[in-house]
Amino acid sequence: MSQSPPTVPVCYRHPGRETYIRCTRCDRPICPECMRDASVGHQCPECVAEGRRTQRPVRTAFGGGAAGQRGLVTKTLLGLNVLVMILSVISGGGEGLAGGGWGGLLGGYTPLIGWGANYGGDPELATRLSDGTIVGGIVQGEYYRMVTSLFLHYGVLHLLMNMWALWVLGRNLEAALGPLRFLGLYLLSGLGGSVAVYYFAPNALTAGASGAIFGLFAALFLLLRRMGRDTSAVLPVIIINIVFTFAVPGISIAGHLGGMVVGALVGTILAYAPREHRNLVQGVGMGAIFLLLIALTIMRTAMLSI
């Protein structure tokens, strides 16, 4: 009785390809194209995908994951700031522009009040621009200025300094916190600076991401302390920036310090939230700070309108 020759195994995904390699999980034959390196041997694409679905994602001590490693929020914020600068310069200067057009690129370029610079305003006096637009300021309901002012800068030098700081700080903080937590920290810090300006210098025309940057510095210091890391490289930079804030004329003291205070509050919540209830504590804490800033803004408007 004659015996049939043994059958050569073929790849289960490519029947025309002979192979003697098998998946270490399901034992199905796989060709070199379908092999996926594993800790022991090789696995097929289906087993790799199944392992990823059941594997718990790796998180940092503060909730950051793989998405934060790409720094997408940091890059997006940087791109928005640069784009707004380009558009505001191309717009031609207009009302409130010192130096005019491209002539103010090295400094002295005052963001158009019509572009959304932080301006508290006089409750009894609205500003009329050359094109007929009436600007009332925050006190007359233009609350958007507290956010739009974060993306306007006093010239390219001002922009470059803030964007360099955002690039250095943002990538590390976003990797540690994750995109959403980092974005919340940035925006709340910037909003905190805007609220502080509204309280202490309501008729000043201010702009820039400096309040948010100061908040990032404060949060970074607290996160490093929480992890027991050396802060000797960060603390002198913070002190120098505070000294410059008071020593250099024209810098918004309220904006810088307001952003730093709020950044410290948010950083404390992010750093010391208990792991078992981390998301809940961080979300509620940041939400409470946001509501507090809104309440302070409403109170300030009421005070100025009396």
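I will try to describe carefully the structure that is included in this document. Think of each chain on its own: its residues are numbered from 1, step by step along the sequence as written. Residues qualify for local features only when their pLDDT is at least 70, as the model is predicted, and side-chain atom pairs are given and counted only at 80 or more; totals for whole chains, interfaces and linings, by contrast, use all residues. Excluded from the side-chain calculations are hydrogens and water; all other atoms, namely the structure's heavy atoms, are used.

On to the overall build of the protein. Secondary structure elements follow DSSP: runs of H or I no shorter than four residues count as helices, runs of E no shorter than two count as strands, and numbering proceeds from the N terminus. When you go through the protein residue by residue, the secondary structure sums to ten helices and six strands. Put simply, the protein has 306 residues, and 44% of those count as buried. Look at the contacts in the protein between residues 6 or more apart in sequence, and 60% of them connect residues 24 or more apart. As presented, the protein carries roughly 16,500 Å² of accessible surface, and 65% of it is formed by carbon and sulfur atoms. Classification of residues uses two cut-offs on accessible area relative to the type maximum, computed with a 1.4 Å probe and protein chains only: under 20% is buried, over 50% is exposed, and between them is partly exposed. Between two residues, a contact is recorded if the distance between any of their heavy atoms is within 4.5 Å. Working definition of accessibility: Shrake-Rupley area with a 1.4 Å probe, residue cover restricted to the visible protein chains.

This part covers the packing of aromatic side chains. Between the rings of Phe, Tyr and Trp (Trp by its six-membered ring), a pair exists once the centres lie within 6.5 Å; its type follows the angle of the planes, with under 30 degrees stacked, over 60 edge-to-face, and the other angles tilted. Going through the model one piece at a time under the given rule, you end up with one aromatic pair. Centroid distance phenylalanine 182 to tyrosine 186: 6.5 Å. Interplanar angle 45°. Geometry classified as tilted. Of this pair, phenylalanine 182 and tyrosine 186 both sit in helix H6 (residues 179-200), four residues apart, roughly one helical turn. The residues phenylalanine 182 and tyrosine 186 share a single accessibility class, namely buried. Positioned over the ring face of tyrosine 12 is arginine 28, at 4.0 Å from the centre of the ring. To sit over a ring, a charge needs its Lys NZ or Arg CZ within 6 Å of the ring centre and within 35 degrees of the ring normal. Residue placement shows arginine 300 over the ring face of tyrosine 199; its charged tip is 5.4 Å from the ring centre.

Position of alanine 204 among the secondary structure elements: in the loop between H6 and strand E6 (205-206). For alanine 204 and serine 252, which are 48 residues apart along the polypeptide, the C-alpha to C-alpha distance reads 8.9 Å. If we ignore the near neighbours within four places in the chain, the residues touching alanine 204 are Asn118, Tyr119 and Gly120.

The rule for a salt bridge is simple: a side-chain nitrogen of Lys or Arg has to be within 4 Å of a carboxyl oxygen of Asp or Glu. According to the stated counting rule, one finds two salt bridges in the structure shown. Residue glutamate 33 pairs with arginine 17 through a salt bridge whose shortest N-O separation is 2.5 Å. With glutamate 33 in the segment before strand E1 (36-37) and arginine 17 in the segment before E1, this residue pair connects regions lying 16 residues apart in the sequence. Taking the relative accessible area as the measure of exposure, glutamate 33 reaches 49% and is therefore partly exposed. Across the pair glutamate 142 and arginine 145 runs a salt bridge, and its minimum N-O distance is 2.7 Å. In this pair, the class of glutamate 142 matches that of arginine 145, namely buried.

With that settled, the discussion passes to the packing of helix H7 (residues 210-226) against helix H8 (residues 235-247). Geometry is summarised by axes, namely lines fitted to C-alpha atoms with helices restricted to the contacting stretch, and by angles between N-to-C directions that run from 0 to 180 degrees. The geometry of H7 relative to H8 is characterised by a closest axis approach of 10 Å and an angle of 150° between their N-to-C directions. Relative to H8, the element H7 lies roughly antiparallel. The crossing of H7 and H8 is left-handed. Residues Phe214, Phe217 and Phe221 of H7 pack against Leu235, Val237, Ile238, Asn241, Ile242 and Thr245 of H8. As a working rule, the residues Ala, Val, Leu, Ile, Met, Phe, Trp, Tyr, Cys and Pro are called nonpolar, Asp, Glu, Lys and Arg charged, and the rest polar, with Gly in that last group. Residue composition of the contact of H7 with H8, grouped by class: seven nonpolar, two polar and no charged. Here the angle decides the label: under 35 degrees means roughly parallel, over 145 means roughly antiparallel, 65 to 115 means roughly perpendicular, and every other value means oblique. The hand of a helix crossing depends on one turn: near helix anticlockwise from the far one by less than a right angle means left-handed, and clockwise means right-handed.

This paragraph deals with a nonpolar patch on the surface. Judged by side-chain polarity, Leu235, Ile239, Ile240, Val243, Phe244 and Val248 come together as a nonpolar surface patch covering roughly 520 Å² of accessible area. Mapping isoleucine 240 onto the fold places it in helix H8. Judged by its relative accessible area of 45%, isoleucine 240 is partly exposed. Each patch is built from residues that are more than 30% exposed by relative accessible area and take part in no salt bridge. Like charges join if they lie within 9 Å; nonpolar side chains (Val, Leu, Ile, Met, Phe, Trp, Tyr) join within 5 Å.

For the purposes of this section, nonpolar cores are sets of buried Ala, Val, Leu, Ile, Met, Phe, Trp, Tyr and Cys residues that join through side-chain atoms within 4.5 Å. Core analysis: the largest hydrophobic core is formed by 52 residues, its most contacted members being Leu166, Leu173, Leu185, Leu216 and Val266. Counting only elements with at least two residues in this core, the list comes to helix H3 (72-90), helix H5 (156-177), H6, H7, helix H9 (253-272) and helix H10 (278-305). It is H7 that contributes the most residues to this core, eleven residues altogether. In this structure, leucine 216 is in contact with Leu166, Leu169, Leu173, Phe182, Leu185 and Tyr186, ignoring residues within four places of it in sequence.

Another aspect to go through is H5. In a helix, the anticipated span is given by 1.5 Å times the number of residues less one. Look at H5: 29 Å from first C-alpha to last across 22 residues, which is about the 32 Å you get at 1.5 Å a residue. Positive backbone phi, approximately 95°, marks glycine 178, located one or two places after H5.

To locate leftover empty space, one rolls a probe as large as a water molecule over the atoms. In this structure, the largest pocket occupies an estimated 840 Å³ of space. What lines the largest pocket is a set of 37 residues, among which His158, Asn162, Ser210, Ile251 and His256 lie closest to the centre. Elements supplying a minimum of two residues to the lining of the largest pocket: H5, H6, E6, H7, H8 and H9. Per-class residue counts for the lining of the largest pocket are 19 nonpolar, 18 polar and no charged. Here a cavity denotes grid points, spaced 1 Å and computed from the protein atoms alone, that fit a 1.4 Å probe unable to get out, and a pocket denotes an open set having protein on both sides within 12 Å along at least 5 of 7 lines; residues with an atom within 4 Å of a point are the lining. Grid points are joined across faces, edges and corners, and a volume is the space filled by probe spheres set on the points.

What follows concerns the packing of H6 against H7. Each pair of packed helices gets described by two things: the angle between the helix axes and the distance between those axes. The contact between H6 and H7 brings their axes to 7 Å, and the two run at 125°. On the basis of the axis angle, H6 is oblique to H7. The interaxial crossing formed by H6 with H7 has right-handed handedness. Residue-level inspection shows Phe182, Leu185, Tyr186, Ser189 and Gly190 of H6 in contact with H7, the latter providing Gly211, Ala212, Gly215, Leu216 and Ala219. In terms of residue class, the contact of H6 with H7 is made up of six nonpolar, four polar and no charged.

That is the geometry; function is a separate question.
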